[in-house]
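One-letter residues, chain by chain:
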Amino acid sequence: METRPNKELISELIEMAKTDQDMRHKLEEGLPWDESVDKRNTARMKEIVAAYGWPTLSDVGAEAADDAWLLVQHADRDTKFQARCLELIKNLPESEVSPINVAYLEDRVRVNTGKPQLYGTQFDGASDTGESFGPRPIEDVEHLDERRASVGLKPFAEYSREMNELDRKLQKAHARDKP
């Protein structure tokens, strides 16, 4: 494994995340999903993690570290890789990785492996199929806001309102595109 990533890698992580977000924002305009973006980013993140380990805050800075997390968060077609990255970041000191990123990835891995989430970060619902939008199953709901607060997440009720507003925005965009 190489030592510290170079500036080119930091730039690459930032550019990959920009492409990821650009594609997702196009959904709000009713444009189609481009799954090749996630496939390409996942393949490259596997190479990066194999070469450097997890891109930590001290290695790549806050922006690129968050971008690396985002790219793995969206690697849903490779849940084994997501789980491997989760283990890597859970074993790092808190000063090297955002606790919020750990919580989101924990929930994503749990949902992708059929387990209830811990922090209530993952929502689902296909408005075009009529399935109602809402959070994926949550373990120990009574203590949800305590767990969320322990990692710096806002209360679940506030987050849920924001997620539902985003869903309404996406539904409007998709409705514009249907004849």
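Attention here is on the structure that accompanies the text. (Residues numbered from 1 in each chain as written. Predicted model: local features only at pLDDT ≥ 70, side-chain atom pairs only at ≥ 80, totals over all residues. Heavy atoms only, no water.)

## Concerning the packing of aromatic side chains
Then, in step 1: In total, this model carries five aromatic pairs according to the counting rule given.
Then, in step 2: Measuring from ring centre to ring centre gives 6.3 Å for tyrosine 104 and tyrosine 159, while their planes differ by 80°; the resulting arrangement is edge-to-face. With tyrosine 104 in helix H5 (residues 99–112) and tyrosine 159 in helix H7 (residues 156–177), this pair connects stretches of sequence that are 55 residues apart.
Then, in step 3: Residue classification places tyrosine 104 among the buried residues on the basis of a relative accessible area of 17%.
Then, in step 4: Taken together, Trp69, Tyr104, Phe123, Phe133, Phe156 and Tyr159 form an aromatic cluster joined through their ring pairs. (Phe/Tyr/Trp six-rings, centres within 6.5 Å; stacked < 30°, edge-to-face > 60°. Helix = DSSP H or I, 4+ residues; strand = E, 2+ residues; numbered from the N terminus. Buried < 20%, exposed > 50% of the residue type's maximum accessible area, 1.4 Å probe, protein only.)

## Observations concerning the nonpolar core
Then, in step 1: Formed by 38 residues in total, the largest nonpolar core has its most connected members in Leu13, Met45, Trp54 and Leu105.
Then, in step 2: Sort the elements by how many residues they give to this core and helix H3 (residues 57–73) lands first, with eight residues.
Then, in step 3: With near-sequence residues (within four places) excluded, leucine 105 lies in contact with Trp69, Val72, Gln73, Gln82, Cys85, Leu86 and Ile89. (Core = buried A, V, L, I, M, F, W, Y, C linked by side-chain atoms within 4.5 Å. Contact = heavy atoms within 4.5 Å.)

## Observations concerning the packing of H3 against H5
Then, in step 1: It is the contact of H3 with H5, at a shortest axis distance of 10 Å, that shows an interaxial angle of 10°. Classified by the interaxial angle, the pair formed by H3 and H5 is roughly parallel. Contacts from Asp66, Trp69, Val72 and Gln73 in H3 reach Asn101, Tyr104, Leu105 and Arg108 in H5.
Then, in step 2: Partitioning the contact of H3 with H5 into residue classes produces four nonpolar, two polar and two charged. (Axes fitted to C-alpha atoms, helices over the stretch in contact; angles between N-to-C directions. Parallel < 35°, antiparallel > 145°, perpendicular 65-115°, else oblique. Nonpolar A, V, L, I, M, F, W, Y, C, P; charged D, E, K, R; others polar.)

## Section: unusual backbone geometry
Then, in step 1: The phi dihedral of aspartate 140 is positive, around 50°, even though this residue is not glycine.
Then, in step 2: Tracing the backbone shows aspartate 140 in the loop between strand E2 (134–135) and helix H6 (144–151).

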